[in-house]
Amino acid sequence: MVDVTADDPTGDWTAPGVFSVAPGVYRIPLPLPMDGLRAVNVYAIVDGSNLVLVDSGWAITEARAQFQAALAALGAGFGDVDQFLITHIHRDHYTQALALRREFGVKIALGSGEQPSIDLLTGERPEETSQLRRLRQAGAQVIVDEMVAAGAPQREAWEAPDEWMADRSVAAIGNRRLRAIATPGHTRGHTVYAEEATGLLFAGDHVLPHITPSIGLEPVPLDYPLQGYLESLRLVRELPEMRLLPAHGPVTPSTHHRIDELLAHHDRRLDASLAVVERGASTSYEAAAALTWTRRERTLAELDLFNTTLAVLETMCHLDVLVLQGRLTCSEVDGVRRYLPVGR
């Protein structure tokens with residue numbers, strides 16, 4: 001039996017349960033099958049008989065069982081859900097909504113910017129094609145070889161949503177209104193949902209309180225994912241201050257404060273990326289190997305294959321922004337992007 005309790009931002013945000021974060025708004029942490037991110041927050045929004053969920057979790061047995069128990073605590077079941085508002089297409093946000101739609105016919109809305117990725121995922125081309133190509137451009141053939149040797153991961157049964165949410169469109173939940181705001185960067189179609197009347201921001205992975213979201217890991221990325229992400233952060237920073245309801249981590253009182261921290265982090269990361277190129281790194285893989293990773297300052301060699309891939313792709317994103325800023329030059333030689341300081 002699960003009880004509804006008041007949310008405690010100082011507690012363990014990954015602990016299972018149903019946590020009231022605002023009138024009619026409940027945080028439901030669901031488990032993830034990975035070591036780093038242990039849970040994802042799904043938010044239930046209730047207005048009278050209306051029930052809408054922001055994100056859905058990963059389609060795994062344990063998450064489904066916890067989800068079902070949480071909805072029961074709210075006096076509902078999967079068949080009572082009117083709609084999922086999905087922030088982006090990563091597995092831990094989208095796949096359980098797809099599984100539940102097949103059983104219960106629940107409607108799904110997704111940011112319109114995700115359509116190129118959904119088209120690729122539902123087509124004949126393998127999901128990892130663009131990722132392998134970008135890793136080769138990064139000079140990371142060793143990672144490509146590891147991934148090929150490991151074999152293709154099991155593919156999800158991807159499907160398109162029922163509704164493509166346009167930027168600034170509004171989702172109605174009884175008398176409540178959530179505005180969809182396109183925030184490309186983490187993925188090209190990432191969308192946050194702002195309830196302006198109550199000052200709540202359902203931020204997905206766009207603004208996370210303790211970690212920085214990955215950049216560049218998606219089927220069809222933007223040409224300059226990090227540039228898009230930084231612009232999206234500034235866009236949300238220009239909105240009125242809102243309470244931050246993130247997908248990973250505790251609810252926090254200030255979206256603006258965390259955005260300022262994220263912008264400062266990426267400024268430092270751009271400077272660090274420039275410095276390693278000035279010391280001789282010429283590819284994204286070489287630069288990633290010269291940098292340290294996570295708050296524990298780990299080397300690239302200490303990361304597992306998945307996180308090594310994230311690190312190399314994100315380094316490429318930083319180096320490409322440095323090119324846009326005129327601080328580096330870039331040329332492609334034999335399919336590998338090579339970077340040089342300006343003037344060399």
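Being a predicted model, the structure only gives us computed values, none of them experimental. (Residues numbered from 1 in each chain as written. Predicted model: local features only at pLDDT ≥ 70, side-chain atom pairs only at ≥ 80, totals over all residues. Heavy atoms only, no water.)

Colleague: I would appreciate a short explanation of the overall build of the protein in the present structure.
Modeller: Each helix and strand counted, the protein has nine helices and 15 strands in total. Relative to its length of 344 residues, the protein is compact, with a C-alpha radius of gyration of 20 Å against a globular reference of 20 Å. Projected onto its principal axes, the C-alpha coordinates of the protein cover approximately 65 × 40 × 35 Å. Per-residue burial over the protein gives 52% buried out of 344 residues. Within the protein, residue pairs in contact and separated by at least 24 positions form 63% of the contacts whose partners lie at least 6 positions apart. On the protein, the mean spot of the 31 positive side-chain charges and the mean spot of the 45 negative ones are 3 Å from each other. (Helix = DSSP H or I, 4+ residues; strand = E, 2+ residues; numbered from the N terminus. Rg over C-alpha atoms; globule rule 2.2 N^0.38 Å. Buried < 20%, exposed > 50% of the residue type's maximum accessible area, 1.4 Å probe, protein only. Contact = heavy atoms within 4.5 Å. Lys, Arg positive; Asp, Glu negative; His and termini not counted. Charge placed at Lys NZ, Arg CZ, Asp CG, Glu CD.)

Colleague: Any chance you could explain unusual backbone geometry here in plain terms?
Modeller: A negative phi angle is the norm for most residues apart from glycine, just as the trans form is the norm for most peptide bonds. With phi around 70°, Asp55 is a residue other than glycine that occupies positive phi space. For Asp55, the position within the fold is in the loop between strand S5 (50-54) and helix H1 (61-73). Phi is positive for Thr294, close to 65°, though the residue is something other than glycine. You can see Thr294 is positioned in the loop between helix H8 (284-290) and helix H9 (305-324).

Colleague: Can you help me understand the packing of helix H6 (residues 225-237) against H9 in this one?
Modeller: A packed helix pair is summarised by two numbers, namely the angle formed by the two axes and the spacing between the axes. Across the interface, H6 lies against H9 with an axial gap of 7 Å and an inter-helix angle of 80°. For the element pair H6 / H9, the angle class is roughly perpendicular. Counting all contacts with H6, which are made through Pro225, Leu226 and Gln227, the residues of H9 involved are Cys317, His318, Val321 and Leu324. Per-class residue counts for the contact of H6 with H9 are five nonpolar, two polar and no charged. (Axes fitted to C-alpha atoms, helices over the stretch in contact; angles between N-to-C directions. Parallel < 35°, antiparallel > 145°, perpendicular 65-115°, else oblique. Nonpolar A, V, L, I, M, F, W, Y, C, P; charged D, E, K, R; others polar.)

Colleague: Is there a simple way to think about helix H2 (residues 91-104) in this case?
Modeller: With 14 residues, H2 extends 19 Å between its outermost C-alpha atoms, agreeing within 8% with the 20 Å of an ideal straight helix rising 1.5 Å per residue. Listed as buried for H2 are Asp92, His93, Tyr94, Thr95, Gln96, Ala97, Leu98, Leu100 and Arg101. Here the buried face of H2 lies against strand S3 (25-31), strand S4 (39-47), H1, strand S6 (83-86), strand S7 (107-111) and helix H3 (115-121). Looking one or two places after H2, you find Gly105, whose phi comes out positive at around 70°. (Expected span 1.5 Å × (residues − 1).)

Colleague: Before we go on, may I ask you to explain the sheet that holds S7 in this structure?
Modeller: By definition, the strands of a sheet pair up through backbone hydrogen bonds, in either a parallel or an antiparallel sense. Read across the open sheet, the eight strands follow the order S1-S2-S3-S4-S5-S6-S7-S8; overall the sheet is mixed. Strands with a single pairing partner mark the edges of an open sheet, and in this sheet they are strand S1 (4-6) and strand S8 (163-165). Between one strand axis and the next, the sheet turns by 30° as a mean value, whatever way the strands run. Here H1 sits on the sheet and contacts S1, strand S2 (18-22), S3, S4, S5 and S6; the angle it forms with S3, its principal contact strand, is near 160°. (Pairing = 2+ DSSP bridges.)

Colleague: How should the sheet that holds strand S11 (residues 191-195) be read in this particular structure?
Modeller: With mixed pairing, the five strands of this open sheet are ordered in space as S9-S10-S11-S12-S13. Each edge of the open sheet carries a strand with a single partner, namely strand S9 (170-173) and strand S13 (243-246). Across the sheet, the mean angle from the axis of one strand to that of its neighbour is 25°, orientation sign disregarded. With four bridges joining them, strand S10 (residues 176-182) and S11 adopt antiparallel strand pairing.

Colleague: Just checking my understanding: could you explain the pattern of salt bridges for this structure?
Modeller: Opposite charge on two side chains permits pairing when their charged atoms draw close. According to the stated counting rule, one finds 13 salt bridges in the structure shown. One salt bridge in this structure joins Arg176 and Glu195, with 2.7 Å as the shortest N-O distance. Separated by 19 residues along the polypeptide, Arg176 in strand S10 and Glu195 in strand S11 bring together distant segments of the chain. For the pair formed by Arg176 and Glu195, the shared burial category is buried. A salt bridge links Glu261 to Arg258, with the nearest nitrogen and oxygen atoms 2.9 Å apart. (Salt bridge = Lys/Arg side-chain N within 4 Å of Asp/Glu carboxyl O.)

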